[in-house]
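The chain contents come next:
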Amino acid sequence: MELIFLGTSAGVPTCTRNVSAALLNLRHPTRPALWLIDCGEGTQQQMQRTAWHPGKLDRIFITHLHGDHLFGLPGLLCSRSMAGNVHPLTIYGPKGLREFIDTALRLSGSWTDYPLTVVEIEEGPVMDDGLRRVTAVALNHPVECYGYRIEEHDKPGALDAAALMAQGVKPGPLFQRLKAGEIVTLEDGRRIDGNDFLAPAVPGKKLALFGDTAPCPGALALARGADVMVHETTLEAEMEEKANSRGHSSTRQAARLAQEAGVGRLVMTHISSRYDDEGGQRLLAECQAIFPDTLLAEDFAVVEI
């Protein structure tokens, strides 16, 4: 997996940061996918500065309906249609998302020429395409807001071809069945269990993407054991009370959660426009003092997972 940040500012864009959006490039030899997480204003223009364009999107996940996470969606949907794209698109998000999209398209006299599905979610499983599953966790914000836990399914371990050939099993279709963990019967009547010749499964990658939130009970479940946790750090530690009163988190709170959840890396985003580059480095230092493996996201930063 590869996460490309398109916007990392909180509330309003700045000269160096656009508002919230990120691309998730799910690399797979036969079933690759491109997902978008949130779609603040200007997202489609940010995409033009990457190797990707809206026509490649398979799914969009909206955390909540505040404008800095949503106002870029109508334009992106229309541009996708005007380009003649017919690739289906599914959008997930809280209740009210369908009304927002329908109203924006209707009042502007716009439409989509591709299959568009809007799924209004609740807390719990969101989707599973056989390779990855997505779970939504309710967060603590003034409007209904979710975080998304994206997990790859574990991959089967390598097949011990040498041991099988020593048992007289020839490479070919039987190897594929044994790789799938099947039991096969050989011509001489012997039964071979593929599981006896498989290395341990390779754990899938886990990504925890938080929407805007003050500390909440579901945060630990969302983040626990994730390879990468993307969490807002809207304000510095000394402004924690103000952050929490508006449904946001401080640097200190995000870092402590990363520590408690045992994540591999914390990525900070949703930075208040009050901070310039120097201020952003101060926020980063506050997080790293608690959780050293922390990265401050910038627009167009790429994070490997």
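- Looking at an unreviewed UniProt entry, one finds the chain named Ribonuclease BN, with Pseudescherichia vulneris NBRC 102420 as its source organism.
- On record in UniProt, under Function (unreviewed entry), the comment for the chain is "Zinc phosphodiesterase, which has both exoribonuclease and endoribonuclease activities."
- The heading Sequence similarities (unreviewed entry) in the UniProt record of the chain holds the text "Belongs to the RNase Z family. RNase BN subfamily."

## Describing empty space enclosed by the protein
Reasoning step 1: Counted under the stated rule, the structure contains 1 cavity of 30 Å³ or more.
Reasoning step 2: Considered as a void within the structure, the largest cavity measures approximately 180 Å³ in volume.
Reasoning step 3: What lines the largest cavity is a set of 17 residues, and nearest its centre among them are Ser20, Asp38, Phe210, Val230 and Thr269.
Reasoning step 4: Split into classes, the residues belonging to the lining of the largest cavity amount to 7 nonpolar, 7 polar and 3 charged.

## Things to note about helix H2 (residues 73–82)
Reasoning step 1: In terms of residue burial, H2 counts as a mostly covered element, since 7 of its 10 residues are buried.
Reasoning step 2: Inspection of H2 places Leu73, Pro74, Leu76, Leu77, Cys78, Arg80 and Ser81 among the buried residues, and these make up the whole buried set.
Reasoning step 3: Against strand E4 (33–39), helix H1 (43–47), strand E5 (59–61), strand E6 (89–93), helix H3 (97–107) and strand E7 (116–120) lie the buried residues of H2.
Reasoning step 4: One or two positions beyond H2, positive phi appears at Gly84, with a value near 80 degrees.

## Some thoughts on the UniProt feature "active site" (unreviewed entry) in the chain
Reasoning step 1: Feature annotation in UniProt places "active site" (unreviewed entry) on Asp68, given in this structure's numbering.
Reasoning step 2: Its place among the elements puts Asp68 in the loop between E5 and H2.
Reasoning step 3: Within polar-contact distance, the side chain of Asp68 engages the backbone nitrogen of Gly11 at 2.9 Å.

## Some points on the packing of aromatic side chains
Reasoning step 1: Counted under the stated rule, the structure contains 4 aromatic pairs.
Reasoning step 2: Aromatic side chains Phe61 and Tyr92 sit 4.7 Å apart centroid to centroid with 10 degrees between the ring planes, which places their arrangement in the stacked category. Of this pair, Phe61 sits in strand E5 while Tyr92 sits in strand E6, placing them 31 residues apart in sequence.
Reasoning step 3: When its relative accessible area of 1% is taken as the criterion, Phe61 is described as buried.
Reasoning step 4: Judged by relative accessible area, which is 5%, Tyr92 ranks as buried.
Reasoning step 5: Here a set of aromatic residues connected by ring pairs shows up, and it is made of Trp35, Phe61, Tyr92 and Tyr148.
Reasoning step 6: The ring of Tyr114 has Arg80 lying over it, and the distance from NZ or CZ to the ring centre is 4.4 Å.

The rules behind each value
- Residues numbered from 1 in each chain as written.
- Predicted model: local features only at pLDDT ≥ 70, side-chain atom pairs only at ≥ 80, totals over all residues.
- Heavy atoms only, no water.
- UniProt positions renumbered as here; feature names shortened; annotations may be inferred.
- 1 Å grid on protein atoms, 1.4 Å probe; cavity = no way out; pocket = protein on both sides within 12 Å on 5 of 7 lines; lining within 4 Å.
- Points joined across faces, edges and corners; volume = space filled by probe spheres on them.
- Nonpolar A, V, L, I, M, F, W, Y, C, P; charged D, E, K, R; others polar.
- Buried < 20%, exposed > 50% of the residue type's maximum accessible area, 1.4 Å probe, protein only.
- Helix = DSSP H or I, 4+ residues; strand = E, 2+ residues; numbered from the N terminus.
- Contact = heavy atoms within 4.5 Å.
- Polar contact = N/O pair within 3.5 Å; in protein donor to acceptor, adjacent residues only side chain to side chain.
- Phe/Tyr/Trp six-rings, centres within 6.5 Å; stacked < 30°, edge-to-face > 60°.
- Lys NZ or Arg CZ within 6 Å of the ring centre and 35° of its normal.

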